[in-house]
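As a plain string of letters, each chain reads:
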Amino acid sequence: MSSSTTARTARRRTLRVAAAALIATAGLTLTACSGSDTTGTKAAAGSHAATGHTDTDMGMAAAETKAGGARTGTAKGSSPVRTQPLPDGSKAEIRKLGEQHYRVKIINRGDVLATLEANGKDTGLDANGMYVVLTLDGQVHAWMGGEHQGPGTFKLAGGWTAKVTKAGELHYRAQIIGHDGVVGTLEANQHDTGGVANGVYIVLSAGGVISSHL
């Protein structure tokens, strides 16, 4: 074999080795990217920007991507998680936005009457005499009646007592009291709120109305 032939063979081997090294490096990069939440979120955001989804839908897609499926997340993000009938004939349209983050639209004959959002904690609403609690895990409990107008001290369902005080304009506070004293506080400041105390659902409105239900 001549020296020129040997040189050409060596160059070909060098190129093949270089190409193989490049492919291996690319494979490692792809593996690292597919396991990165940041990269996955950017990819989801890019696809939603192209299709015109809202920021809320992008957040849902990212959450579903972490759970193991961007396509599934997009499909779920385009429709409500579930619907639930309410006592006054309306319905709750419940959508998951993220971990311990839910939004409920109260809809009657196609019109959105109110919206509730629970992000990391329970919340509630006085919807003209229908009381709705949305828990941080997406459960909706609704009832009618049983209201008391604060300020004052009132008996609640389940044996609880509520001491309602006025803290300001459209600002009321309710201390929930059991046999061992105060077990929790609800604060309605410019908007209604609600929660669950040992299986008892409670709503406090910004107008000082409190109601409870088992």
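Our structure is the block above this text.
Colleague: So what about the overall build of the protein chain? Which residues, and what values?
Modeller: Scanning the protein chain from N- to C-terminus turns up 4 helices and 15 strands. Across the protein chain, the fraction of contacts at a sequence separation of at least 24, relative to all contacts at a separation of at least 6, is 34%. Accessible surface computed for the protein chain: about 12500 Å², of which carbon and sulfur atoms make up 54%.

Colleague: I'd like a description of the pattern of salt bridges, backed by residues and values.
Modeller: Tallied over the full model, the rule gives 2 salt bridges. Its salt-bridge partner being E117, residue R103 comes within 2.9 Å of it at the nearest N-O pair. A residue pair is termed long-range when its members are at least 10 positions apart, and R103 in strand β3 (residues 101-108) and E117 in strand β4 (residues 111-119) qualify at 14 residues. Residue classification places R103 among the partly exposed residues on the basis of a relative accessible area of 22%. Overall, the relative accessible area of 37% leaves E117 in the partly exposed class. Measuring nitrogen to oxygen at the nearest pair gives 2.8 Å for the salt bridge that ties R173 to E187. Of the two residues, R173 sits in strand β11 (residues 171-178) while E187 sits in strand β12 (residues 181-189), which places them 14 residues apart along the sequence. The exposure class assigned to E187 is partly exposed, which follows from its relative accessible area of 33%.

Colleague: Please set out unusual backbone geometry residue by residue, giving values where relevant.
Modeller: For the bond from G150 to P151, the omega torsion is 5°, close enough to zero to count as cis. Take P151: it is sitting in the loop between β8 (147-149) and β9 (152-155). With a phi close to 55°, L170 is a non-glycine residue in the positive phi region. With respect to the helices and strands, L170 occurs in the loop between β10 (161-168) and β11. Overall, the relative accessible area of 39% leaves L170 in the partly exposed class.

Colleague: Hey, could you go over the sheet that holds strand β14 (residues 200-204) for me, with residue numbers and the actual values?
Modeller: Reading across the sheet, the 4 strands line up as β8-β15-β14-β13 and stay open at both edges, with antiparallel pairing between neighbours. The sheet terminates laterally at β8 and β13 (193-197), the two strands that pair on one side only. Across the sheet, the mean angle from the axis of one strand to that of its neighbour is 20°, orientation sign disregarded. Alignment of β8 against strand β15 (residues 209-213), held across 3 bridges, turns out to be antiparallel. Opposite Q149, over in β15, you have V209 as the bridge partner.

Colleague: Tell me about the sheet that holds strand β7 (residues 140-144), residues and numbers included.
Modeller: Sheet architecture is open: 3 strands sit in the order β5-β6-β7, paired in antiparallel fashion. Since the sheet does not close on itself, it has two edges, and those belong to β5 (123-127) and β7, each with one partner. Neighbour-to-neighbour, the strand axes of this sheet turn through a mean angle of 15°, independent of strand direction. Summarising the sheet, β5 and strand β6 (residues 130-134) pair through 5 bridges and their orientation is antiparallel. Residue pairing across strands places T123 opposite L134, the latter belonging to β6.

Conventions and cut-offs
Residues numbered from 1 in each chain as written. Predicted model: local features only at pLDDT ≥ 70, side-chain atom pairs only at ≥ 80, totals over all residues. Heavy atoms only, no water. Helix = DSSP H or I, 4+ residues; strand = E, 2+ residues; numbered from the N terminus. Contact = heavy atoms within 4.5 Å. Areas by Shrake-Rupley, 256 points an atom, 1.4 Å probe, with all protein chains shown as cover. Salt bridge = Lys/Arg side-chain N within 4 Å of Asp/Glu carboxyl O. Buried < 20%, exposed > 50% of the residue type's maximum accessible area, 1.4 Å probe, protein only. Pairing = 2+ DSSP bridges. Axes fitted to C-alpha atoms, helices over the stretch in contact; angles between N-to-C directions.

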